[in-house]
Amino acid sequence: MSDLAALDATASAELVRSGAVSALELVEAARQRIERLDPQLNALVRTRFDAAAGEAATATGPFAGVPFLLKDLGALVAGERTDFGSGVLKNSENRWAVTSYTSQAFANAGLVVLGRTATPEFGTTITTEPTAYAPTRNPWDPTRSAGGSSGGAAAAVASGMVPVAHASDGGGSIRIPASCCGLVGLKPSRGRVSNGPTVGESWAGSTTDGALARTVRDAAAMLDLLRAAMPGDPYIAPPVARPYVDEVGRPLERLRVGLLTGPGRRRAPSPDAEVVDGVLSAGRLLSDLGHDVHEASPEAFVDEAYARHFLTVVVADVALMMTQLERLLGRPIADDEIEPRNANYRRTGARLAATDYLAARGWLGQWARRMASWWAAPEQGGQGFDLLVCPVIARVPPEIGWYTAGGPEQEGGRIAEVLQYTGQFNATGQPALSLPLHTSSGGVPIGVQFVAAYGREDLLVRLASQLEQAQPWASRRPPLWSGR
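Residues numbered from 1 in each chain as written. Predicted model: local features only at pLDDT ≥ 70, side-chain atom pairs only at ≥ 80, totals over all residues. Heavy atoms only, no water.

Where strand E4 (residues 137–138) and strand E5 (residues 141–145) come together, two bridges link them in antiparallel fashion. Residue pairing across strands places Arg-137 opposite Ser-145, the latter belonging to E5. What sits between the antiparallel neighbours E4 and E5 is a turn of two residues. (Pairing = 2+ DSSP bridges. Helix = DSSP H or I, 4+ residues; strand = E, 2+ residues; numbered from the N terminus.)

Listed below in structure tokens is the structure:
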């Protein structure tokens, strides 16, 4: 048998359709890879191997039998646990009563879920080191963070446990782990993927589901599975001209591209030199491919007030979520039952006046218009750029424990130092993509972020396909690679 771990989801599905491999063989091989490697990476918090074997036998759909993992945050499945990375739910007997549209879409495609991947508690930080579980380690360097909040998914895909995995993004949680672990991470436009049926919007419309993949065609295919407007959705993204998989390899017009290599906020620390090198290298590659590249970025991007107003939205949502969890569990949740970061968010959010919350949302709405004008055509008063290229995070992936050392205040400062470039596009609702185009001197991936105008995932997929052909990455393997 060839190395099944090296195949992407598209190739794996084709093997099953052709009869060369059965769905059960794919699932069994993935189970063995997970059992062999997860003790070193802590990418999973729960497995469901017996259920997966049964589902593999009857799986139908375009990805029938392809091994898959769901993040332990959102993506509910009726009758099963989702613990949101928290010991409060981990230690309860809670089982969810409904299935999320996201989980159902993956199931309808025939993907077979072997378990749940690790996430930080409530997804409120950018490293996957929850106190309720062991820290998730980066397959390229196990002393370093795999990113967050989809860090478990990233470690699992990068190490070859599964070809693709569910992820979600409220401030960078698809793109940051993709950058840290050398994957393709595409955050869709607001309204492209429904948050239903239990959620109308979260973090003022900033959160969305998606996937982590090793190839562009898999990233496009996963978005095709998820893109659907459902009744009652508060936002609906513009319709697509064709399936995203059909954008792979499609000719790309000459693009007007801006590069941002400085800090993501006016008074923020400068990014690491190796991070800047990654952006500049991507700019040279785009220029060589015939695109028009400039040192340019939206003036509004570095506005210091953005982070303050976005944090206001987040802390209000955390406070609300904690109230909802208390109702679900039928008891109060004490501060010492949750991580200090989230306890602080809850206290701050609970004290927030409704008018202050609405003022923050109003400011972000006006700021988003300032941001969007950079991509708008000149006849609409815009600057006519097609693409922004910038870092994903400001540092090479830090070591495990770096974020949390020194207590909550230092943790917040370090998160802010690293998280300079991604949350803006959750607030604007624009699609954004991390591609594994650069590597640190220590051999750890450094992703580069590409941002298009609202609704233009098609452009990002075509661009990613062009870059994948020009500078292939899928054959690179981390030191911790499962194989077989």
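On we go from here.
The calculated volume of the largest pocket comes to roughly 1,100 Å³. Around the largest pocket sit 44 residues that line it, and Phe-84, Val-199, Ser-202, Asp-317 and Met-321 are the ones nearest its centre. Contributions of two or more residues to the lining of the largest pocket are made by strand E6 (164–169), strand E8 (208–213), helix H10 (305–329) and helix H12 (354–372). Looking at which element gives the most residues to the lining of the largest pocket, the answer is H10, with nine residues. For the second largest pocket, the lining is made up of 35 residues, of which Ala-307, Leu-311, Tyr-345, Ile-415 and Leu-419 are closest to its centre. Here the lining of the second largest pocket takes eight residues from H10, the largest share from any one element. (1 Å grid on protein atoms, 1.4 Å probe; cavity = no way out; pocket = protein on both sides within 12 Å on 5 of 7 lines; lining within 4 Å. Points joined across faces, edges and corners; volume = space filled by probe spheres on them.)

In total, this model carries six cavities of 30 Å³ or more according to the counting rule given. Volume-wise, the largest cavity comes out at about 120 Å³. Lining the largest cavity are 16 residues, and of these Gly-191, Val-193, Asn-195, Gly-200 and Tyr-235 lie nearest its centre. Broken down by class, the residue content of the lining of the largest cavity amounts to four nonpolar, nine polar and three charged. In this structure, the second largest cavity spans a volume of roughly 100 Å³. Together, Trp-140, Ala-158, Cys-181, Gly-182, Leu-183, Arg-214, Pro-436, Trp-473, Ala-474, Arg-476 and Pro-478 line the second largest cavity. The residue inventory of the lining of the second largest cavity, partitioned by class, reads eight nonpolar, one polar and two charged. (Nonpolar A, V, L, I, M, F, W, Y, C, P; charged D, E, K, R; others polar.)

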